[in-house]
Amino acid sequence: FIGGPHYSSDTKLGLGLVASGLYRIDRSDLSISPSNVSLYGDVTTSGSFAIGISGNTIFPKAKYRLDFDLFFSSMPSRYWGIGYDKGKKDKDYSKYTRQAIQLKADFLKRIAPHAYVGLTGTAENIRGRSIKKASYFEGLKRSNTAVGGGLILSYDSRDFIPNPYKGVFIKLEQNFYPEFLGSTEYFSRTEFIARYYKQAWKGAVIAFDFQGIFNNGDVPWAM
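Note that the structure is predicted; figures quoted are calculated from it, not measured.

Procedures and definitions
Residues numbered from 1 in each chain as written. Predicted model: local features only at pLDDT ≥ 70, side-chain atom pairs only at ≥ 80, totals over all residues. Heavy atoms only, no water. Helix = DSSP H or I, 4+ residues; strand = E, 2+ residues; numbered from the N terminus. Buried < 20%, exposed > 50% of the residue type's maximum accessible area, 1.4 Å probe, protein only. Contact = heavy atoms within 4.5 Å. Areas by Shrake-Rupley, 256 points an atom, 1.4 Å probe, with all protein chains shown as cover. Lys, Arg positive; Asp, Glu negative; His and termini not counted. Charge placed at Lys NZ, Arg CZ, Asp CG, Glu CD. Patch = residues over 30% accessible without salt bridge, like charges linked within 9 Å, V, L, I, M, F, W, Y side chains within 5 Å. Salt bridge = Lys/Arg side-chain N within 4 Å of Asp/Glu carboxyl O. 1 Å grid on protein atoms, 1.4 Å probe; cavity = no way out; pocket = protein on both sides within 12 Å on 5 of 7 lines; lining within 4 Å. Points joined across faces, edges and corners; volume = space filled by probe spheres on them. Nonpolar A, V, L, I, M, F, W, Y, C, P; charged D, E, K, R; others polar. Pairing = 2+ DSSP bridges. Phe/Tyr/Trp six-rings, centres within 6.5 Å; stacked < 30°, edge-to-face > 60°. Lys NZ or Arg CZ within 6 Å of the ring centre and 35° of its normal.

*Asks:* What's the story with the overall build of the chain in this structure? I'm lost.
*Replies:* Scanning the chain for helices and strands turns up 1 helix and 11 strands. Along the chain direction, N to C, the helices and strands of the chain fall in the order β-β-β-β-β-α-β-β-β-β-β-β. For the chain, the residues scored as buried account for 33% of the 223 residues in total. Once local pairs closer than 6 in sequence are excluded, the contacts in the chain between residues at least 24 apart make up 50%. A total accessible area of about 13,500 Å² is found for the chain, and carbon and sulfur atoms account for 60% of it. Here the chain contributes 29 positively and 20 negatively charged side chains, and the mean placements of these two sets differ by 4 Å.

Right, here's the structure in full:
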């Protein structure tokens, strides 16, 4: 168990708590990273709160992996409107409460040392409540649902997934959100992640992180 206070300009003063556990499906194999699961929660003075559960299950001999994340959150937020020209107006926005629930699961198969290919599935709903200036939404639906899936290519040589000391993590993920699955609009999303970890000295780790998300199609305002 670990917890403590935190502060940010968006959420103000908050208190977070995480309960985390490690386990192995094959207890005799200590050569691979253990599986992990975490239950987390957070509440702040701005009225923001979140609760969720996430984890990574490593199957025997690391032939398969199952990554998952389920959470619900509610937080005060701001919306500037549609398009870059409106978004760049720093103080011209509408306040609202953003409520989100999401379930994401990735199932991966190892095809080479540290290399994986797999399937991903996502279901999420984002709802806008207590909107101060409804005109900023220009008639858009206050609630958006995205249900979809896609493919993942990944390379992961991290020594310990929740807290790496060394290794490389690269992931290319392509998702599609068709309307026949329940999505409000049809769109696609490409996500790329590249991370590098190296232990500088005992107790110190140097890490680099690069990430890009690219959307195409009728992307809901909430995404």
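*Asks:* I tried to follow a positive patch on the surface on my own but got confused; where do I start?
*Replies:* Side chains of Lys-12, Arg-78, Lys-95 and Lys-132 sit close together on the surface and give a patch of like positive charge. Tracing the chain through its elements places Lys-95 in strand 6 (residues 94-112). Exposure remark for Lys-95: the relative accessible area of 48% places this residue in the partly exposed category.

*Asks:* Any chance you could explain the layout of surface pockets here in plain terms?
*Replies:* Once rolled over the atoms, a probe with the size of a water molecule shows which space is left empty. Counted as a void, the largest pocket has a volume near 950 Å³. As for the largest pocket, its lining consists of 40 residues, and the residues nearest its centre are Phe-68, Asp-69, Lys-104, Asp-106 and Lys-171. For the lining of the largest pocket, the class distribution of residues is 15 nonpolar, 12 polar and 13 charged.

*Asks:* Got a minute to help me understand the pattern of salt bridges in this structure?
*Replies:* Close approach of charged atoms allows side chains of opposite charge to pair. Taken as a whole and judged by the stated rule, the model has 8 salt bridges. Arg-195 is the partner of Asp-209 in a salt bridge, and the nearest nitrogen-oxygen pair spans 3.2 Å. Separated by 14 residues along the polypeptide, Asp-209 in strand 11 (residues 204-217) and Arg-195 in strand 10 (residues 187-201) bring together distant segments of the chain. Connected through shared salt-bridge partners, Arg-65, Asp-67, Asp-156 and Arg-158 make up one network.

*Asks:* Looking at this model, I keep getting lost on the pairing of strand 8 (residues 143-156). Mind explaining?
*Replies:* Successive residues of a regular strand alternate their side chains across the two faces of the sheet. Here 13 bridges tie strand 7 (residues 115-129) to strand 8, and the two strands are oriented antiparallel to one another. Within strand 8, the position partnered with Thr-120 by the bridge is Gly-150. As paired strands, strand 8 and strand 9 (residues 167-177) are joined by 8 bridges and run antiparallel to one another. By the bridge assignment, Gly-150 is partnered in strand 9 with Asn-175.

*Asks:* I'm lost on the side chain of Thr-122 in this one. Help?
*Replies:* Secondary-structure assignment places Thr-122 in strand 7. Residue classification places Thr-122 among the buried residues on the basis of a relative accessible area of 5%.

*Asks:* Looking at this structure, I do not really get the packing of aromatic side chains. What am I missing?
*Replies:* Aromatic ring pairs: the centre-centre distance and the angle between the two ring planes describe each pair. This structure, assessed with the given rule, holds 12 aromatic pairs. Taking 5.8 Å as the distance between ring centres and 50 degrees as the angle between the ring planes, the aromatic pair formed by Phe-49 and Phe-72 counts as tilted. Within this pair, whereas Phe-49 is found in strand 4 (residues 49-58), its partner Phe-72 is found in strand 5 (residues 64-79), the two being separated by 23 residues in sequence. On the basis of an interplanar angle of 55 degrees and a centroid distance of 5.4 Å, the ring pair of Trp-80 and Tyr-93 is categorised as tilted. Within this pair, whereas Trp-80 is found in the loop between strand 5 and helix 1 (84-87), its partner Tyr-93 is found in the loop between helix 1 and strand 6, the two being separated by 13 residues in sequence. Residue Tyr-93 is classed as buried on the basis of its relative accessible area, which comes to 18%. Ring pairs connect the aromatic residues Tyr-79, Tyr-96, Phe-137 and Trp-221, which therefore count as one cluster. Taking the ring centre of Tyr-116 as reference, the NZ or CZ of Arg-65 above it sits at 5.3 Å. Sitting above the plane of the Phe-169 ring, Arg-158 keeps its charged end 4.1 Å from the centroid.

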